[in-house]
Amino acid sequence: MVSWKGIYFILTLFCGSFFGSIFMLGPFLPLMFVSPSCYRWINNRLVATWLTLPVALLETMFGVKVIITGDAFVPGERSVIIMNHRTRMDWLFLWNCLMRYSYLRLEKICLKASLKSVPGFENSKARSNDFAEKNGLQKYEYVLHPRTTGFTFVVDRLREGKNLDAVHDITVAYPHNMPQTEKHLLLGDFPKEIHFHVRRYPVDTLPESREGLQLWCHKRWEEKEERLRSFYEGEKNFHFTGQTVIPPCKSELRVLVLKVLSILYWTLFSPAMCLLIYLYSLVRWYFIITVVIFVLLERIFGGLEIVELACYRFFHKQPHLNVKKNE
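Note that this is a predicted model, so its numbers are computed, not measured. (Residues numbered from 1 in each chain as written. Predicted model: local features only at pLDDT ≥ 70, side-chain atom pairs only at ≥ 80, totals over all residues. Heavy atoms only, no water.)

## Details of the sheet that holds strand β3 (residues 166-173)
Pairing between sheet strands relies on hydrogen bonds along the backbone, with the strands arranged either parallel or antiparallel.
Then step 1. Taken in spatial order, the four strands make up an open sheet running β1-β4-β3-β2, and their pairing is mixed. Every other strand in the sheet has two partners, leaving β1 (65-70) and β2 (79-83) as the edge strands with one partner each. For this sheet, the mean inter-axis angle between neighbouring strands, taken without regard to orientation, is 25 degrees.
Then step 2. On top of the sheet, helix α8 (residues 210-233) reaches β2, β3 and β4 (193-202); it is set at about 30 degrees to β3, its chief contact. (Pairing = 2+ DSSP bridges. Helix = DSSP H or I, 4+ residues; strand = E, 2+ residues; numbered from the N terminus. Axes fitted to C-alpha atoms, helices over the stretch in contact; angles between N-to-C directions. Contact = heavy atoms within 4.5 Å.)

Here it is as structure tokens:
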């Protein structure tokens, strides 16, 4: 049966995302065609305000407990995060971890388009086992075999541009209930506890070759399998690793204040925007035009991020074009 908690959670996130895109990001769209870097700086911070909302709702309204052990994050560090998946919702719950280390405004998720329709861990596990059998690999019980092509590509490109400081390997586990899809959240099935175990690998400790990186990644997943086996067959915590709870760079009081402010802001924001649309014709026209622009960008170019990337590439090629003209 659908729960009021689930309906409240989904509707609050959707309305905040929708009206936030229109009334917070929309006014800065022209800046993207003039200074993509400034637009991205502003965009990151505006989006981060919304990313605090699911964290606040999960922990403050629904009592989800988050426990983080392992290596500490370095605030502002340029990092690639790799993580196992137990549910379709791991990416959402990861924000509860990242907010405590000021990573929300820096986080970007890389996901194959085909994975948007993946139904869940159990169905994906069957495919992972087929992959293991075809390639003579060990079958896993608690993790899926990693597809290393994307990982090696991202790490190689970031290292080439000297834009990578470390790789953070995060293992996520759920000692009690484990909601698999958005449907479970709609039914009010929120996890009681989420455990994150973090391992940090400085970039200079990574293998140089692509083949070496692939083997390195497979090794990390072997370790995850054993770590999760010990977790679920033991006391259902990561204390057996010998690495204690990581102190957050934000105090828990500061995290609490941020969560309360986030709930207050987004609870009032969406109704306020609806009221403005109802009262003022100028706001209605702005709303309609901005929605049409977003839809056209999606239909014609494949999304706003594609246009932003094209603008960024154009402005960063200009100096090279000027040099060639002078020659």
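## Quick word on the environment of Gly136
Then step 1. Here Gly136 shows up in the loop between α5 (121-134) and α6 (148-160).
Then step 2. Looking at Gly136, the relative accessible area reads 68%, which means it is exposed.
Then step 3. Along the primary structure Gly136 and Leu279 are separated by 143 residues, whereas in three dimensions their C-alpha atoms are 65 Å apart. (Buried < 20%, exposed > 50% of the residue type's maximum accessible area, 1.4 Å probe, protein only.)

## A word on unusual backbone geometry
Then step 1. For Ser102, which is not glycine, the phi torsion reads 60 degrees and is therefore positive.
Then step 2. By relative accessible area, Ser102 is classed as partly exposed at 28%.
Then step 3. Although it is not a glycine, Lys236 sits at a positive phi angle of roughly 60 degrees.
Then step 4. The exposure class of Lys236 is partly exposed, given its relative accessible area of 35%.

Treat this as a map of the structure, not an account of what it does.
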